[in-house]
Amino acid sequence: MTTRIFGSGIRRREDPRLITGRASYTDDIKLPGTLHAAILRSPYAHANIKAVDASGAAGQPGVVAVYTGEDTDGVLNGLPCAWLIPGSDLKTPAHPAIAKDKVRYVGDAVAVVVAESRYQAEDALEHIAVDYEPLDVVVSPKAAAQDGAPQLHEDVPNNIAFTWALAGGDTDAAFADAAVTVSDTITLPRLIANPMEPRSALAQWSAASGELTLWNTTQNPHIARFVTCVVTGVPEHKIRVIAPEVGGGFGSKIPFYADEAITAFCSMKLGVPVKWTETRSENYLITTQGRDHIEEVEMAATSDGVITGLRTTVYAGMGGYLSTAAPGVPTILHGLMYSGPYNIPNISGTVYGVFNNGAPVDAYRGAGRPEATMLLERMVDLVAAAVGQDPAEVRRKNLIPKFENGHDVATGITYDSGDYESALDSCLSAAGYEALRAEQAQARAEGRCVGVGVSSYVEICGLGPSQVAGAVGFQGGLWESAIIRFYPTGKANVMVGSSPHGQGEETTFAQIVAGELGVDVDDVEVIHGDTDTTPMGWGTYGSRTTAVSGAAITVAARKIKEKSRALAAHLLEAAPEDIEYEDGRFYVRGSPDQHKTIQDIALMANVAWNMPEGMEPGLEASAFYDPPNFTYPFGAHVAVVEVDPETGHIDLQRYVAVDDCGVQINPMIVEGQVHGGVVQGVGPALWEGAVYDDDGQLVTGSMLDYALPRADLLPDIEVSSNSTPSPHHPLGVKGIGEAGTIASTPTVYNAVMDALRPLGVTRVDMPLTPEKVWRAINDARNGG
Amino acid sequence: MFPAQITYHRAGSVAEAVQLLSSNEGAKLLAGGHSLLPLMKLRLAAPAVLVDIGRIEALKGVSASGGGITIGALTTHAEIASSDLVKQHAPVLAEAAALVGDPAVRNRGTIGGSVSHADPASDQPTVLTALGATFNVTGQGGDRSIAAGDFATGLLENALEENEVLTSISVPSVPSGAGSAYVKFPHPASRYAVVGAAAVVAVSGGTCSSASVVVGGVETTPARASSVEAALAGSDLGDAALDAAAAAVGGDLNGDPMGDVFASAEYRRAMAAVYVRRALGAAASRAG
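**Topic: the domain arrangement of chain A**
In many analyses, interface size is given as the accessible surface area lost on bringing the parts together.
Residues and elements named next belong to chain A.
Here's step 1: Once the domains are mapped, chain A shows domain 1 (2–20 + 479–625), domain 2 (31–135 + 196–248 + 253–286) and domain 3 (367–462 + 632–781).
Here's step 2: For domain 2 and domain 3, the distance between their C-alpha centroids amounts to 39 Å.
Here's step 3: Contacts between the two partners involve 7 residues from domain 2 and, on the opposite side, 10 residues from domain 3.
Here's step 4: Taken together, both faces of the contact between domain 2 and domain 3 bury some 600 Å²; the carbon and sulfur share is 57%.

Here it is in structure tokens:
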């Protein structure tokens, strides 16, 4: 037994079952008598539904029922949007689970067949006749916001779902006085989240008890229960949502989807369990996508490269409907981060959330912050080029100086702690930056296109104070709760309302308890993902689980420790103030032999043979933790690329990351999160982008065309870290789940632009596919 | 992901496969399944009948035959990539096989299935055309042979009759002293060739005595680069000669161009010259 397990890179206890195929996902759950649903999806991106004739499907082999929008209309409530940004003139048009009158993206649900097997249900779909009246389509979020664009929803002029404005300082004056201004339009492509496990729902309605059980691929079962209540009308306390093993989400399993509402509807109609599992093709069409930003950005600076102002106009695609958390992503999680790690006294931005004919867009790893970091880091590089200074030095001179407890920025938020220059120095040192620049000069002399990219970032995570959540229109809280329960044998369960799905918190949460109470880490089991067996919580996303849920566990563990101290004092016949604690042992000060272990205490508390007067039996504590502020991890990254000017190919040769997520509970897991995050951010820089054609058809509809990052296209990622504790967190931790994704897109983009600068190339849209780079080089050679 | 209903037959011999094809209109052959099954799962293909030839032992393996090798249609890419006979007689074929897809595809996918699918972005049709291979087929009318360059007749279309089965591929040995190479621009997602260039360059007395150059991925069938071959013949294979020869490939690309969201037809044509040049460089360096 050792408390030193906290902070050590022990192996993830989740992994043996995951990598040997013994984990049980939603689709693995087999209930007797289960029927299988297949959903008919619109082949049109925008069309009126003139008629649906499902009669042909009804008699097909194995078919039990067929439902259309006529059947769900008035029975299922519409899917709610749960982030209602105040002061943004937000429109929330109806989002029926099954479209009745109109479809707004390819994949919109039109009917459902329930059959004895999924094959039979799929076959029967081909016998449903839908009479569509195709309508004009608009894909680009900027085009969709223009006068005369096809209108997706009545009463939403120019498709603008909301307009959010941000202003700090006097931006107009900053630009009027600026010696240097730079600008660019940055396009962040739509991204498909691609969790390894597609989404799935298994609904079991009990008419006898009036209870609905929903097994669901969700990152937040308690929110899913609440929304299931809203959509189905089943009372919240009669709904149990279980997220069994969930195979990744990256944000795409935060929202509540039409598919689980339809599955629940079918089970309630038929009185038997009904299962629906997404195919990968469906995942590409209907599961929420990320980004889809067109960002028009300007930065003002002095002739010496000191930033004086930032101004943006952003068109953020929402897809056909507002997904659960969609409006918060390009606003609160984006615009509020426009200062980044820099002193920027004057900042203004306008964000238009725009309906367009694609899959709904919602949070995707980083959620708003990669989009903010991208525009900021691009601008800083342009400023550096404009004033003829090294981009690392321009960053350095603009970084906010080290602070330990609070720093206000012009966007109106207060960072918790930061030491941005140390992170930059560490990264430049790890990369050997000066030598890299010398090698680059040599390579350029040989005619080779080598580039070095640098970025600094700070992100907002550990979401977040519930009072702030309410103030910014989030229709819920953002606290977390935990219960720690010790059994007579000294083993403990930890029940949490958050819902890890691959991040490793079954391990890190046990490390927290081991560290606080001196129990063996293997004596702590973490229970999550079931609304009937876990206390309320708001879920796993936004790098908040360790920061917020972990804090709740810490507070609960400290309650256990205080009760244990009091019981130990009673049993040792000493005053509580004379009891010392060390490594799981409570002893009388000066007499370490007179002690009780935490296991002794657990036994005596549970049998309750000899309790002090007034002390309740049992050794259990719960805690609700509402963070006083967000946490603000930060770091600096460097990438080295070489471009083949003959083909436009980019070879990512080195990637160096220095991240500061505060105190680390498990450095191996931190490193793993950085690895995955970096790769996910490199994707849209170089390869990834969902492409819809002018008819709103998804051209990149499978992994044959949608280019996910592959190991053979990536270098070893060189990861190291600094540690600046969060001043307000009981453990000093901040969160690391999204850091890599936030930093790596601009780092790699800037590296490529650095490589191409001698050729006269000034900009290329992401992803930087070979043809785009090749064309940019040729255009520059031909005089641009 | 859920194919339509099919009737499945497993053929025990080539003759039985031919018979099953003849008696079931629209039947499709199933070998490794790596081209057909994905199409069926997307319901882009829905054959009523599948004839599985995957367990016909006579169609498997590589053997030496007069002046070359014969490769059974069911031989997997992985087997070809690691075959000593292939490496000895047609090393460029092993080189290309190692670049097909990923390990799972190479372990299941077969050379016969790959060429029969007639996807111009596949690697092996390009290489086999450059090598002057012959495709041996059996049908109701008996046996016949088809030159590799005549086998693909269009995008995803081949020269097989409805009841014919591709049984083997005869590959002549690369002449001693000749160098060969296959250089590929893989699509970052699918790993199919955006452009693939195969070159076989023979040298005699310090000059190029003959060359065979084929480009895949740019047109709907592998394109023989006759202008490049003509420019190489008699040249010294120096950098200037290779530059000039590769630049001539534009004149050879007159068929149906292919382009998509990742790489336009114009870009593929430009890359054809680049990859032909690189294939020539590699082949020339291995010659002699």
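Text resumes after the structure shown.
**Quick look at the pattern of salt bridges**
Residue and element names in this part refer to chain A.
Here's step 1: Counted according to the given criterion, the structure contains 65 salt bridges over all chains.
Here's step 2: The salt bridge partner of D184 is R763, with a shortest N-O separation of 2.6 Å. Here R763 lies in the loop between α19 (739–756) and α20 (770–781) and D184 lies in strand β8 (residues 180–192), a separation of 579 residues in the sequence.
Here's step 3: Classification of R763 by relative accessible area gives partly exposed; the value is 33%.
Here's step 4: Ionic pairing is found between R444 and D754, a salt bridge with its closest N-O pair at 3.9 Å. With R444 in helix α13 (residues 433–445) and D754 in helix α19, this residue pair connects regions lying 310 residues apart in the sequence.
Here's step 5: Under the relative-accessibility criterion, D754 is labelled buried at 6%.

**Side note on the packing of α20 of chain A against helix α12 (residues 265–286) of chain B**
Here's step 1: Two elements in contact, α20 of chain A and α12 of chain B, have axes separated by 11 Å at closest approach and are oriented at 80°. If you check the angle between α20 of chain A and α12 of chain B, you find them roughly perpendicular. Residues P770, E771, W774 and R775 of chain A of α20 of chain A form the contact with α12 of chain B, whose participating residues are E266, Y267, A270 and M271 of chain B.
Here's step 2: In terms of residue class, the contact of α20 of chain A with α12 of chain B is built from 5 nonpolar, no polar and 3 charged.

**Details of helix α17 (residues 598–607) of chain A**
All names here are of chain A.
Here's step 1: Among the residues of α17, I598, Q599, I601, A602, M604 and A605 are the ones counted as buried.
Here's step 2: Buried residues along α17 sit in contact with β19 (480–486), α15 (505–517), α16 (545–571), β23 (585–588), β24 (591–597) and β25 (619–625).
Here's step 3: Looking one or two residues beyond α17, the residue adopting positive phi is A608, at roughly 60°.

**Notes on a nonpolar patch on the surface**
Here's step 1: A contiguous nonpolar patch, built from M1, L42 and L44 of chain B and spanning about 290 Å² of accessible area, is present on the exposed surface.
Here's step 2: Inspection of the secondary structure puts L42 of chain B in the loop between α2 (36–41) and β3 (49–52).

**A short note on the nonpolar core**
All names here are of chain A.
Here's step 1: Formed by 177 residues in total, the largest nonpolar core has its most connected members in M299, L310, Y415, L686 and V752.
Here's step 2: A domain-level breakdown of this core finds at least three residues from each of domain 2 (31–135 + 196–248 + 253–286) and domain 3 (367–462 + 632–781).
Here's step 3: Among residues more than four places away in sequence, those in contact with V752 are V641, V643, I650, L686 and L768.
Here's step 4: Of all hydrophobic cores here, the second largest spans 48 residues; its members include V494, V496, L567 and M615.

**Considering empty space enclosed by the protein**
All names here are of chain A.
Here's step 1: Within the structure shown, the criterion is met by 7 cavities of 30 Å³ or more.
Here's step 2: Considered as a void within the structure, the largest cavity measures approximately 200 Å³ in volume.
Here's step 3: Around the largest cavity sit 23 residues that line it, and L79, H95, Y105, Y257 and A258 are the ones nearest its centre.
Here's step 4: Looking at the lining of the largest cavity residue by residue, the class counts come to 14 nonpolar, 5 polar and 4 charged.
Here's step 5: In this structure, the second largest cavity encloses a volume near 70 Å³.
Here's step 6: In this structure, the second largest cavity is lined by W83, I332, L333, I460, L463, V468, A469, V472, F474, L478 and F630.
Here's step 7: Class assignment for the residues of the lining of the second largest cavity results in 11 nonpolar, no polar and no charged.

**Section: the sheet that holds strand β12 (residues 193–204) of chain B**
The pairing of strands in a sheet comes from backbone hydrogen bonds and takes either a parallel or an antiparallel form.
Residue and element names in this part refer to chain B.
Here's step 1: The strand order β11-β12-β13-β14 describes an open sheet built from 4 strands, whose pairing is antiparallel. Each having just a single partner strand, β11 (179–186) and β14 (223–224) make up the two edges of the open sheet.
Here's step 2: Relative to strand β13 (residues 207–216), β12 is paired through 9 bridges, and the arrangement is antiparallel. For S204, the partnering residue across the bridge sits in β13 and is T207.

**So, the environment of S721 of chain A**
Residue and element names in this part refer to chain A.
Here's step 1: In this structure, S721 sits in strand β28 (residues 717–722).
Here's step 2: Looking at S721, the relative accessible area reads 38%, which means it is partly exposed.
Here's step 3: Sequence separation of S721 and M379 is 342 residues, and the distance between their C-alpha atoms is 26 Å.
Here's step 4: Apart from residues no more than four positions distant in its own chain, S721 is found in contact with V658, D659 and Q664.

Basis of the calculations
- Counting starts from 1 at the beginning of each chain's written sequence and moves along it residue by residue.
- Chain letters and ligand numbers both follow the written order, the letters beginning at A and the numbers at 1.
- Only residues with pLDDT of 70 or above have their local features reported here, since the model is predicted, and side-chain atom pairs are shown and tallied only from 80 upward, although totals for entire chains, interfaces and linings are computed over all residues.
- With hydrogens and water excluded, all non-hydrogen atoms of the structure serve as input to the side-chain values.
- Domain segmentation is taken from an automatic or database assignment of domains.
- Contact between two residues is taken to exist if any of their heavy atoms lie within 4.5 Å; hydrogens are not considered.
- The quantity reported as buried area is the accessible area (1.4 Å probe) lost by two parts once they are put together, taken as the sum for both.
- Salt bridges, as used here, are contacts in which a Lys or Arg side-chain nitrogen is within 4 Å of a carboxyl oxygen on Asp or Glu.
- Secondary structure elements are taken from DSSP: a helix is a run of H or I of four residues or more, a strand is a run of E of two residues or more, and numbering for both begins at the N terminus.
- Classification of residues uses two cut-offs on accessible area relative to the type maximum, computed with a 1.4 Å probe and protein chains only: under 20% is buried, over 50% is exposed, and between them is partly exposed.
- Only the stretch in contact is used when a helix axis is fitted, and all axes are lines through C-alpha atoms; the angle between N-to-C directions ranges over 0 to 180 degrees.
- Note on angle classes: values under 35 degrees are labelled roughly parallel, values over 145 roughly antiparallel, values of 65 to 115 roughly perpendicular, and the remainder oblique.
- Put simply, Ala, Val, Leu, Ile, Met, Phe, Trp, Tyr, Cys and Pro go in the nonpolar bin, Asp, Glu, Lys and Arg in the charged bin, and everything else, Gly too, in the polar bin.
- Two distance rules govern patches: like charges are joined within 9 Å, and nonpolar side chains (Val, Leu, Ile, Met, Phe, Trp, Tyr) within 5 Å, applied only to residues with over 30% relative accessible area and no salt bridge.
- We get accessible surface area from the Shrake-Rupley algorithm with a probe of 1.4 Å; when it comes to residues, only the shown protein chains can shield them.
- The set of buried Ala, Val, Leu, Ile, Met, Phe, Trp, Tyr and Cys residues whose side-chain atoms join them within 4.5 Å is what this entry labels a nonpolar core.
- A 1.4 Å probe that fits into a set of points on a 1 Å grid over the protein atoms alone but cannot get out defines a cavity; an open set with protein on both sides within 12 Å along at least five of seven lines defines a pocket, and lining residues are those with an atom within 4 Å of a point.
- Grid points are joined across faces, edges and corners, and a volume is the space filled by probe spheres set on the points.
- Pairing between strands is defined by DSSP: at least two bridges between the two strands are required.

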